[in-house]
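# Results of the structural survey
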Amino acid sequence: MLFEAKKLDLEAADELFQCRVSSVKPFALMLSPVYVFMKRNQKFVSVKAPLDFFTPDELESLHRHEEFFLPKLVAAISCFQTSARVIRGILRASITTLPPSSYEVSNEIIKVLAPVWGREFLVSPFCAAIFTDELCGHLEPGELLMGRETAVVKHDLGLLLSGALVFTLVHLGWHDLEQLKKIRTEVYSRSIRGEEWTHSSSYWELVTTDLLRMMDMRFDLGPEALRQCSSQWAFELGGRLKRIEATSRVFEERGEKQMTGGFSW
């Protein structure tokens with residue numbers, strides 16, 4: 001099944017998940033095309049594209065359909081949501097009177113992130129954006145609407161770039177959730193306003209600049225892209241990936257099931 005398909009015949013029903021319209025939250029990024037079933041012509045019709053979102057008015061107008069449908073292929077993407085929810089819990093729990101050491105937190109987070117890299121050790125900016133939307137929560141509605149309605153290409157870039165940045169920073173030991181939210185918002189806002197990212201005055205801006213270069217070269221985040229980057233952060237992330245590879249090998253040797261989970265909006 002192609003994600004680009006605008007309409008699907010009735011025979012495609014076995015390849016689709018059902019989801020209550022009432023369960024979808026406004027401004028949550030979509031994992032895939034979202035379809036409604038048109039009874040009159042017996043077809044599934046796409047009402048939303050991947051990485052787009054519904055406004056409250058849109059959800060209200062579609063409420064009569066009761067159910068949304070989306071490709072079962074999203075199960076492979078939903079693990080990014082699951083890992084983000086677990087990590088959000090870890091970060092919130094670390095804010096206590098006797099917090100665990102930064103190493104302990106990092107170690108737990110690496111264990112949670114290991115499954116999302118898969119056997120190919122590649123993560124697309126799209127999947128990173130889904131992870132970040134679950135970890136940080138939805139962007140400010142006014143900003144999202146302005147970006148979508150006035151600068152579509154820059155809007156998409158802002159979502160992908162800010163998502164890839166937060167995903168990367170979490171691997172590199174950035175565990176202040178409020179700080180990550182602020183950085184994500186700033187990257188998205190500057191992106192939709194045409195920021196070229198030619199000058200880096202902070203660590204995370206340097207990472208952003210390098211990630212944008214990787215995206216321009218159509219590189220997914222992974223070992224090959226990191227080898228093409230001479231920055232220190234790329235070397236550090238490469239080290240984290242070696243730890244993740246070792247963690248994944250332990251999972252396989254023990255025969256343990258890696259983390260999976262249903263999508264949520």
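Note: the structure precedes this text.
First things first, this report covers the structure right here in the doc. (Residues numbered from 1 in each chain as written. Predicted model: local features only at pLDDT ≥ 70, side-chain atom pairs only at ≥ 80, totals over all residues. Heavy atoms only, no water.)

What follows deals with the packing of aromatic side chains. To describe a pair of aromatic rings, you give the distance between the ring centres and the angle between the ring planes. Scanning the model with the defined rule gives nine aromatic pairs in all. Relative to F53, the ring of F27 lies with its centre 5.7 Å away and its plane at 40°, an arrangement referred to as tilted. Of this pair, F27 sits in the loop between β2 (16-20) and β3 (34-38) while F53 is found in the loop between β4 (43-48) and α1 (56-62), placing the two residues 26 residues apart along the sequence. The same class applies to F27 as to F53, namely buried. Taken together, a centroid distance of 4.9 Å and an interplanar angle of 50° make the contact between F37 and F44 tilted. For F37, a relative accessible area of 22% translates into the label partly exposed. Following the ring pairs from residue to residue traces out a cluster consisting of F80, W117, F131 and F167. (Phe/Tyr/Trp six-rings, centres within 6.5 Å; stacked < 30°, edge-to-face > 60°. Helix = DSSP H or I, 4+ residues; strand = E, 2+ residues; numbered from the N terminus. Buried < 20%, exposed > 50% of the residue type's maximum accessible area, 1.4 Å probe, protein only.)

This part takes up unusual backbone geometry. Phi angles above zero are rare outside glycine, and F27 is one such case at about 75°. Overall, the relative accessible area of 11% leaves F27 in the buried class.

Attention now moves to the nonpolar core. Judged by nonpolar contacts, the single largest core of 77 residues is most densely connected at F68, L135, F167 and W233. If sequence neighbours within four positions are ignored, L135 has contacts with A84, I87, R88, V166, V170, L177 and L180. Counting seven residues, the second-largest nonpolar core is a separate cluster that includes A5, A12, F44 and F69. (Core = buried A, V, L, I, M, F, W, Y, C linked by side-chain atoms within 4.5 Å. Contact = heavy atoms within 4.5 Å.)

With that settled, consider the packing of helix α5 (residues 141-150) against helix α6 (residues 152-171). How two helices sit against one another is set out by the angle between their axes and by the gap between those axes. Packing of α5 against α6 leaves a shortest axis separation of 5 Å and a crossing angle of 135°. As far as their axial angle goes, α6 and α5 are oblique. In this structure, α5 contributes L144, G147, R148 and T150 to the contact, and α6 contributes V152, H155 and L159. Across the contact of α5 with α6, the residue classes tally to three nonpolar, three polar and one charged. (Axes fitted to C-alpha atoms, helices over the stretch in contact; angles between N-to-C directions. Parallel < 35°, antiparallel > 145°, perpendicular 65-115°, else oblique. Nonpolar A, V, L, I, M, F, W, Y, C, P; charged D, E, K, R; others polar.)

Turning next to the environment of V74. Looking at where V74 falls in the secondary structure, it is placed in the loop between β5 (67-71) and α2 (75-93). Relative accessible area serves as the criterion here: at 0%, V74 is assigned to the buried category. Along the backbone, V74 and F27 are 47 residues apart, and their C-alpha atoms lie at a distance of 18 Å.

As defined by bridge partners, strand β1 (residues 7-9) adjoins β4 across three bridges and the pair is classed as antiparallel. Across the sheet, residue L8 finds its bridge partner in β4, namely F44. Bridging between β3 and β4 involves five bridges; their strand directions are antiparallel. Residue pairing across strands places V34 opposite K48, the latter belonging to β4. Connecting β3 to the next strand, β4, in antiparallel fashion are four residues, including Q42 with a positive phi near 55°. (Pairing = 2+ DSSP bridges.)

Remember, this is a structural readout, not a statement about activity or role.
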